[in-house]
Amino acid sequence: MKNTLLTGFVSVCLLLPATAQEAAEAKQAPKSAEAKQQQELATQNALAAEKLKAELSEKTAEVARIKLEKEALSERLALAVLKLKMADEEGAALRSAARAKIGEDAATAKAKAEALSAQLKAQQAELQLQLAELKNELTLREAKEKRRAAADREPEYLENPLKEDGTLVISDRRIAFNGPVTYATANYITERISFYNNSDSSKPIFIVIDSSPGGSVMAGYRILRAMDGSQAPVYVVVKSFAASMAATIATLAEKSYAYPNAIILHHQISSTMFGSLNLTQQRESFESSQKWWERLAKPIAEKMGLTTDELIKEMYKNSSDGDWTEFGTEAQKLKWIDHIVERIDETSIVNNPDVTPKKGEEAIHGLTQTLDDQGKPVMYLPRLNPADVYWMSNRDQYFRLR
């Protein structure tokens with residue numbers, strides 16, 4: 001627009017000098033055809049000036065309009081900026097309110113969580129207290145049950161365990177001897193003899209036979225040697241039945257005790273030969289048994305005041321099969337047993353047998369009852385070594401070799 005206005009202004013300036021010159025010349029010269037032409041040019045220049053003026057006015061109006069539009073745009077822009085600012089401020093306020101609301105909600109939730117946590121902790125503490133009370137109650141009940149299962153009495157250790165009223169007092173230095181005599185039986189008894197000697201060699205040790213049919217000669221001989229080698233006195237007590245090797249152990253003990261109706265059975269060594277043996281082998285087996293008989297029966301016979309041959313005669317004199325069986329009272333007269341007792345005071349039995357397994361039940365040493373081919377109950381004995389024989393009472397063939 002500025003360029004258009006400037007061009008019009010220059011054209012006017014160029015026309016004006018030419019018109020003045022012509023006017024001067026017209027004064028000097030008569031009017032002619034050229035005057036007419038100049039008149040036309042002047043008219044054209046006037047029209048052009050008017051046109052230029054109109055255009056300038058139009059351009060001025062347009063500039064004013066543009067200026068007004070610019071101002072309007074500036075106002076609209078300012079209004080938009082103001083609205084945007086107000087919107088930002090409103091948004092900031094909303095965000096701040098939202099944050100405040102979230103903070104309040106979080107604080108409320110935290111307070112609720114802390115209250116719930118405190119409630120749970122209180123409940124847990126109460127439950128733990130109840131659990132502790134129940135545990136204490138159970139512990140107290142178990143302690144009372146254990147207390148009821150044990151007696152207050154302390155074991156008695158007497159140098160002379162047989163009282164004048166016929167009561168035999170047995171302490172906890174007690175070794176159970178039940179079932180057949182095997183190598184395991186010998187281990188069980190000899191180990192305990194050694195232990196009690198190492199604990200206190202001044203107090204007596206008691207081997208208590210409830211019931212034993214006898215058994216291995218070599219195992220029984222080990223028990224006899226352990227008894228003889230003990231610094232502490234070893235006493236044998238027969239409550240029910242002691243036969244063969246078990247009877248020999250009772251008879252050859254330093255002191256032996258028995259109930260009046262306990263059964264003591266002595267007889268010769270007997271053995272069973274298995275397989276095909278020639279006469280030489282049979283003779284060797286017989287000679288081995290004879291040597292054992294002399295070593296074990298001779299001390300018994302001497303204690304009775306007899307020879308071994310006289311002992312054998314007495315055996316068959318009292319029984320056709322050679323099983324010489326006597327009650328405790330008669331066994332004492334024959335010097336098989338040293339003392340008869342009316343009662344036995346087991347001072348070491350302080351635990352309730354219904355609660356605690358009976359001490360010494362393991363003395364059977366792994367032998368269990370089974371059935372033979374005919375379905376009869378039997379107990380199979382362990383194998384012996386070649387120099388050993390079983391010396392036991394077995395009339396019903398309950399104890400057998402495989």
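So, how was this worked out
Residues numbered from 1 in each chain as written. Predicted model: local features only at pLDDT ≥ 70, side-chain atom pairs only at ≥ 80, totals over all residues. Heavy atoms only, no water. Helix = DSSP H or I, 4+ residues; strand = E, 2+ residues; numbered from the N terminus. Buried < 20%, exposed > 50% of the residue type's maximum accessible area, 1.4 Å probe, protein only. Contact = heavy atoms within 4.5 Å. Areas by Shrake-Rupley, 256 points an atom, 1.4 Å probe, with all protein chains shown as cover. Pairing = 2+ DSSP bridges. Core = buried A, V, L, I, M, F, W, Y, C linked by side-chain atoms within 4.5 Å. Expected span 1.5 Å × (residues − 1). Bend = angle between axes of the 7 residues up to and from the residue. Polar contact = N/O pair within 3.5 Å; in protein donor to acceptor, adjacent residues only side chain to side chain. Salt bridge = Lys/Arg side-chain N within 4 Å of Asp/Glu carboxyl O. pLDDT = per-residue confidence, 0-100.

**Comments concerning the overall build of the chain**
- Within the chain, the regular secondary structure consists of 8 helices and 14 strands.
- With 402 residues in all, the chain has 32% of them scored as buried.
- Considering only intrachain contacts with a sequence separation of at least 6, the fraction spanning at least 24 residues in the chain is 71%.
- Carbon and sulfur atoms make up 55% of the accessible area of the chain, which totals about 26,000 Å².

**A few points about the sheet that holds strand β11 (residues 370–371)**
- Reading across the sheet, the 3 strands line up as β11-β12-β14 and stay open at both edges, with mixed pairing between neighbours. On the outer flanks of this sheet lie β11 and β14 (399–401), each paired with one strand and no other.
- Here strand β12 (residues 377–381) pairs with β14 via 3 bridges, running parallel. Across the sheet, the residue bridging to L381 is L401, located in β14.

**So, the nonpolar core**
- I207, M227, V236, V238 and L311 are the most contacted members of the largest nonpolar core, which totals 49 residues.
- For this core, the elements supplying multiple residues, two or more each, are β2 (174–177), α3 (183–199), β3 (205–212), α4 (217–229), β5 (234–243), α5 (245–251), α6 (279–304) and α7 (308–318).
- Top contributing element to this core by residue count: α6, with 7 residues.
- In this structure V236 touches I207, I209, M227, I249, A250, A253, K255, S256 and Y257, once residues within four positions along its chain are discounted.
- Grouped together as the second largest cluster of nonpolar side chains are 10 residues, L168, F206, Y235 and I344 included.

**Let's talk about α6**
- Counted at 1.5 Å a residue, the expected span for α6 with its 26 residues is 38 Å, and the 35 Å between its end C-alpha atoms agrees.
- Bending of α6 peaks at approximately 35° at the position of A297, with proline P299 no more than four residues after it.
- Along α6, the residues that are buried comprise S289, W292, W293, L296, A297, I300, A301 and M304.
- On its buried face, α6 is in contact with α4, α5, β7 (263–266), α7, β8 (324–327) and β13 (390–392).
- In the segment just after α6, G305 is the residue with positive phi, at about 85°.

**Quick notes on the environment of N178**
- Counting through the fold element by element, N178 comes out in the loop between β2 and α3.
- The spacing of N178 and D210 is 32 residues in sequence and 5.9 Å in space, taken between C-alpha atoms.
- A distance of 3.0 Å separates the side chain of N178 from the backbone nitrogen of D210, its partner in a polar contact.

**Quick look at the pattern of salt bridges**
- A complete count under the given rule lists 14 salt bridges for this structure.
- Between E62 and R65 there is a salt bridge, with the nearest N and O atoms lying 3.8 Å from each other. Taken together, the residues E62 and R65, both in helix α2 (residues 33–148) and 3 residues apart, mark about one turn of the helix.
- Under the relative-accessibility criterion, R65 is labelled partly exposed at 41%.
- Put simply, D105 and K101 hold a salt bridge, and the shortest N to O gap is 3.1 Å. Here D105 and its partner K101 are both found in helix α2, 4 residues apart, which amounts to about one turn of the helix.
- Residue D105 is classed as partly exposed on the basis of its relative accessible area, which comes to 39%.
- Through salt bridges with shared partners, a single network forms among E62, R65 and E69.

**Re the confidence of the model for the chain**
- Summing up the model confidence of the chain, the mean pLDDT is 84 and the portion of residues at 70 or higher is 84%.
- Contacts for the low-pLDDT stretch residues 1–18, under 50 throughout, to residues beyond four places or in other chains number 10 contacts.

**Digging into the pairing of β5**
- β5 sits mainly inside the fold: 8 of its 10 residues count as buried.
- Of the strand pairs in this sheet, β5 and strand β6 (residues 255–258) are connected by 4 bridges, and their pairing is parallel. Counterpart to Y235 in the pairing with β6 is K255.
- As judged from the 3 bridges shared by β5 and β7, these two strands associate in the parallel manner. Bridge assignment links A243 to a residue of β7, and that residue is L265.

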